[in-house]
Amino acid sequence: MKFFIDTANIDEIKKGVEMGMVDGVTTNPSLIARENKPFEKILKEICKVVDGPVSAEVVSLEAEAMVKEAKVLAALSDKIVIKIPMIMEGMKAVKKLTSMGIKTNVTLVFSASQALLAAKAGATFVSPFVGRLDDIGQRGMELINEIMTVYRNYDFHSEVIVASIRNPLHVMDAAMIGADIATIPLKVIEQLAQHPLTNIGVEQFLADWEKRKK
Ligand code: G3P
């Protein structure tokens, strides 16, 4: 299972990289806006420290304009993957970019039918948002199950990035289903490592060590 880190913050990315937990990065316009730095500068910094795909999202809503934006972003590094919203114009853009050899990540996916279309258009990655579905009382993880089933049925090669992850259970449920990738905020990566019995065990070992006969 690959772990991507869901942030545009370079310090968070470096922390994740040091732990060996970053196989790629996903950003979105909201995450970029938090950083108060030019978009291209942020992307270049990220590409320097990460050995893997780095998703950068377009903001146009027409296919032609999306492709134009995508070409500029893709020219920054061969690690850049173009994030495209799951709308019909987006599908046109994905088809065009795929034919040009530019990788895509179809985002804001909330149904298996949308994921089917994204795969047919040739998306490299698709990003179903589990947390935002949970937020409105729908089971986000059921969507991951459905998408994995559809992709396996037809041997689609788009990789599923479980996105909008809010807690360790989202990651572990995605792992049990066999999703290709989870894109995870740093806080949740750290939560995955924690267990109270580990802390108690470490304290006990150190206390016994101090008591030993010297
Ligand atoms: O990057 C896309 C996705 O992971 C956003 O998550 O928490 O804003 O729903 P969230």
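A. Region of the structure containing unusual backbone geometry. Despite not being glycine, Asn36 shows a phi value in the positive range, around 55 degrees. In this fold, Asn36 is placed in the loop between helix H2 (29-33) and helix H3 (39-49).

B. Representation of the site of the ligand within the structure. Around the ligand sit Asp6, Asn28, Lys83, Phe129, Arg132, Ala163, Ser164 and Arg166, and those are all the residues in its vicinity. A distance of 2.7 Å is found between an oxygen atom of the ligand and a side-chain nitrogen or oxygen belonging to Ser164. Considered on its own, the ligand offers 310 Å² of accessible surface; in the complex 83% of this is hidden by protein. Put simply, the ligand lies in the largest pocket. Among the residues forming the shell around the ligand, the class breakdown is two nonpolar, two polar and four charged.

C. Layout of the layout of surface pockets. By volume, the largest pocket is sized at about 400 Å³. At the level of elements, H2 and helix H10 (186-193) are the ones that each hand at least two residues to the lining of the largest pocket. Here the residues of the lining of the largest pocket are counted per class, giving six nonpolar, six polar and eight charged.

D. Region of the structure containing the packing of aromatic side chains. Summed over the entire model, instances satisfying the criterion amount to four aromatic pairs. For the ring pair Phe4 and Phe125, a centre distance of 6.0 Å and an interplane angle of 70 degrees mean the geometry is edge-to-face. Of this pair, Phe4 sits in strand S1 (residues 2-6) while Phe125 sits in strand S6 (residues 125-128), and the two are 121 residues apart along the sequence. As far as burial versus exposure is concerned, Phe4 and Phe125 are alike and both buried. Judged by centre distance (5.6 Å) and plane angle (65 degrees), the ring pair of Phe110 and Phe129 falls under edge-to-face. Note that Phe110 is positioned in the loop between strand S5 (104-109) and helix H6 (112-121) and Phe129 in the loop between S6 and helix H7 (130-135), a separation of 19 residues in sequence. The exposure class of Phe110 is partly exposed, given its relative accessible area of 29%. Among the residues examined, Phe129 registers a relative accessible area of 6% and is labelled buried. Members of the aromatic cluster, each reached through a chain of ring pairs, are Tyr151, Tyr154 and Phe156. The lysine or arginine in question, Arg212, covers the ring of Trp209, its NZ or CZ lying 4.1 Å from the ring centre.

E. Structural view of the nonpolar core. Ile82 and Val106 are the most contacted members of the largest nonpolar core, which totals 61 residues. Every residue in contact with Val106, bar those within four places of it in the chain, is listed here: Ile84, Met86, Met91, Val94, Ala118, Ala123, Phe125, Val126 and Ser127.

F. Region of interest: the environment of Val126. Mapped onto the secondary structure, Val126 falls in strand S6. The spatial distance from the C-alpha of Val126 to the C-alpha of Val106 is 4.7 Å, given a sequence separation of 20 residues. If near-sequence neighbours (up to four positions away) are discounted, Val126 is found in contact with Asn105, Val106, Ala115, Ala118, Tyr151, Glu159, Val160 and Ile161.

G. Representation of the environment of Ala174 in the model. Checked against the element boundaries, Ala174 lands in helix H9 (residues 168-177). Between the C-alpha atoms of Ala174 and Val130, which are 44 residues apart in sequence, the distance is 9.8 Å.

H. Broad picture of the pattern of salt bridges. Going through the model one piece at a time under the given rule, you end up with seven salt bridges. In this structure, Asp135 engages Arg166 in a salt bridge whose closest nitrogen and oxygen atoms are separated by 2.8 Å. On the criterion of sequence distance, the pair formed by Asp135 in helix H7 and Arg166 in the loop between strand S7 (159-162) and H9 is long-range, its members being 31 residues apart. Residue classification places Arg166 among the partly exposed residues on the basis of a relative accessible area of 38%. Measuring nitrogen to oxygen at the nearest pair gives 3.4 Å for the salt bridge that ties Lys211 to Asp208. Note that Lys211 and Asp208 are positioned in helix H11 (residues 196-211) at a spacing of three residues, about one turn of the helix. One network of salt bridges, in which partners are shared, links Lys37, Lys41 and Glu45.

What counts, and at which threshold
- Residues numbered from 1 in each chain as written.
- Predicted model: local features only at pLDDT ≥ 70, side-chain atom pairs only at ≥ 80, totals over all residues.
- Heavy atoms only, no water.
- Helix = DSSP H or I, 4+ residues; strand = E, 2+ residues; numbered from the N terminus.
- Near = heavy atom within 4 Å.
- Polar contact = N/O pair within 3.5 Å; in protein donor to acceptor, adjacent residues only side chain to side chain.
- Areas by Shrake-Rupley, 256 points an atom, 1.4 Å probe, with all protein chains shown as cover.
- 1 Å grid on protein atoms, 1.4 Å probe; cavity = no way out; pocket = protein on both sides within 12 Å on 5 of 7 lines; lining within 4 Å.
- Sits in = over half its atoms within 2 Å of the grid points.
- Nonpolar A, V, L, I, M, F, W, Y, C, P; charged D, E, K, R; others polar.
- Points joined across faces, edges and corners; volume = space filled by probe spheres on them.
- Phe/Tyr/Trp six-rings, centres within 6.5 Å; stacked < 30°, edge-to-face > 60°.
- Buried < 20%, exposed > 50% of the residue type's maximum accessible area, 1.4 Å probe, protein only.
- Lys NZ or Arg CZ within 6 Å of the ring centre and 35° of its normal.
- Core = buried A, V, L, I, M, F, W, Y, C linked by side-chain atoms within 4.5 Å.
- Contact = heavy atoms within 4.5 Å.
- Salt bridge = Lys/Arg side-chain N within 4 Å of Asp/Glu carboxyl O.

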